[in-house]
Amino acid sequence: QKEVEQDPGPLSVPEGAIVSLNCTYSNSAFQYFMWYRQYSRKGPELLMYTYSSGNKEDGRFTAQVDKSSKYISLFIRDSQPSDSATYLCAMDRTSYGKLTFGQGTILTVHP
Amino acid sequence: EAQVTQNPRYLITVTGKKLTVTCSQNMNHEYMSWYRQDPGLGLRQIYYSMNVEVTDKGDVPEGYKVSRKEKRNFPLILESPSPNQTSLYFCASRGGTTSYNEQFFGPGTRLTVL
């Protein structure tokens with residue numbers, strides 16, 4: 001069983017929809033939780049990170065962590081075609097960068 | 001401009017021919033890492049480094065070597081490449097212990113081993 005499981009998708013939604021991306025994990029030692037966005041032929045870029053249970057909001061993006069259920073989510077409000085990309089969750093149990101990634105979810109937002 | 005650079009961006013080689021992929025960052029970051037990305041598997045960490053001369057294995061270190069002689073550089077060495085090392089490789093750097101908001105990835109190196 002993988003330590004981090006991510007809904008593989010792909011997801012296809014109309015412009016303006018609310019998107020929910022999800023990951024579960026099995027190792028309770030994970031302390032830091034991140035979401036990355038990766039456009040085609042580019043390196044991943046950090047969208048959000050958090051280290052506590054609860055919600056963290058940044059513009060149209062909300063990251064949610066539930067440590068008791070070992071579950072994290074990323075919500076995208078008012079999705080735009082420019083949000084079309086692969087989204088990766090990642091977790092760190094060490095704080096010095098030993099990251100474990102989910103498999104990634106391909107999102108397409110149609111105009 | 002803050003950036004992580006990798007060279008080469010594309011490489012086709014043959015089994016057993018030693019190669020090095022370079023990685024350099026201009027942000028004076030302490031932490032650097034190498035990842036490989038394969039379809040359906042996401043990114044998997046190969047090696048990471050917490051500072052000069054301090055490196056440790058990630059999840060898939062077999063067949064790879066790294067060195068960190070200078071803070072800005074973190075080359076990935078494949079001493080005897082094999083076809084199962086065909087992949088997309090990313091180098092990343094980060095400023096400090098919890099400075100995840102300062103993490104940057106390089107543009108990637110697509111390696112094909114025939």
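Treat the numbers as computed from the prediction; the structure is a model and nothing was measured.

What follows covers the pairing of strand β3 (residues 19-25) of chain B. Residues and elements named next belong to chain B. Counting buried positions along β3 yields five of seven residues, so the element is predominantly enclosed. Pairing of strand β1 (residues 4-7) with β3, which is carried by four bridges, proceeds in the antiparallel orientation. If you follow Thr 5 over to β3, its bridge partner there is Ser 24.

Right, let's get into the packing of aromatic side chains. All told, the structure shown has nine aromatic pairs over all chains when counted by the stated rule. Centre to centre, the rings of Tyr36(A) and Phe101(A) are 5.5 Å apart; their planes meet at 45 degrees, and the pair counts as tilted. You can see Tyr36(A) sitting in strand β4 (residues 32-38) and its partner Phe101(A) sitting in strand β10 (residues 99-101), a full 65 residues away along the chain. When its relative accessible area of 6% is taken as the criterion, Phe101(A) is described as buried. Ring plane angle 85 degrees and centroid distance 5.6 Å describe the contact between Tyr36(A) and Phe105(B), whose orientation is recorded as edge-to-face. A residue pair is termed interchain when its members come from two chains, as with Tyr36(A) in strand β4 and Phe105(B) in strand β10 (residues 104-105). In this pair, the class of Tyr36(A) matches that of Phe105(B), namely buried.

Inspection of the entire model under this criterion finds seven salt bridges over all chains. Glu45(A) is paired through a salt bridge with Arg37(A); the nearest N and O atoms lie 3.2 Å apart. Two residues, Arg36(B) and Asp38(B), come together in a salt bridge whose shortest N-O distance is 2.8 Å. One connected set of salt bridges, linked through shared partners, spans Arg36(B), Asp38(B) and Arg44(B).

With 25 residues of chain B at the contact, the number on the chain A side is 22 residues. The contact between chain B and chain A buries some 1,900 Å² in all, and 54% of this surface belongs to carbon and sulfur atoms. Our count for the chain B to chain A interface comes out at zero salt bridges. At the junction of chain B with chain A, the criterion picks out two residue pairs in polar contact (both at pLDDT 80 or more).

Residues and elements named next belong to chain B. Going from Asn 7 to Pro 8, the amide bond is cis rather than trans, its omega being -5 degrees. Structurally, Pro 8 is set in the loop between β1 and β2 (10-13). Its identity is not glycine, yet Asn 28 carries a phi of approximately 60 degrees, on the positive side. Along the polypeptide, Asn 28 turns up in the loop between β3 and β4 (31-38). Residue classification places Asn 28 among the exposed positions, given a relative accessible area of 56%. Residues other than glycine seldom take positive phi values, yet Glu 53 does so here, at roughly 65 degrees. Note that Glu 53 resides in the loop between β5 (42-51) and β6 (54-57). On the basis of relative accessible area, Glu 53 is assigned to the exposed category, the value being 60%.

Attention now moves to the sheet that holds strand β6 (residues 54-58) of chain A. Residue and element names in this part refer to chain A. Across the sheet, which stays open at both edges, the five strands sit in the order β1-β3-β8-β7-β6 with antiparallel pairing between neighbours. In this open sheet, the two strands that pair with only one neighbour each are β1 (4-6) and β6. Averaged over all adjacent pairs, the angle separating strand axes in this sheet is 15 degrees, with direction ignored. By the bridge criterion, six bridges tie strand β3 (residues 19-25) to strand β8 (residues 71-76) in an arrangement that is antiparallel. Each residue of the ladder has a partner; that of Thr 24, found in β8, is Tyr 71.

Analysis parameters
Residues numbered from 1 in each chain as written. Chains lettered and ligands numbered in written order. Predicted model: local features only at pLDDT ≥ 70, side-chain atom pairs only at ≥ 80, totals over all residues. Heavy atoms only, no water. Buried < 20%, exposed > 50% of the residue type's maximum accessible area, 1.4 Å probe, protein only. Helix = DSSP H or I, 4+ residues; strand = E, 2+ residues; numbered from the N terminus. Pairing = 2+ DSSP bridges. Phe/Tyr/Trp six-rings, centres within 6.5 Å; stacked < 30°, edge-to-face > 60°. Salt bridge = Lys/Arg side-chain N within 4 Å of Asp/Glu carboxyl O. Contact = heavy atoms within 4.5 Å. Buried area = accessible area lost by both parts, 1.4 Å probe. Polar contact = N/O pair within 3.5 Å; in protein donor to acceptor, adjacent residues only side chain to side chain. Axes fitted to C-alpha atoms, helices over the stretch in contact; angles between N-to-C directions.

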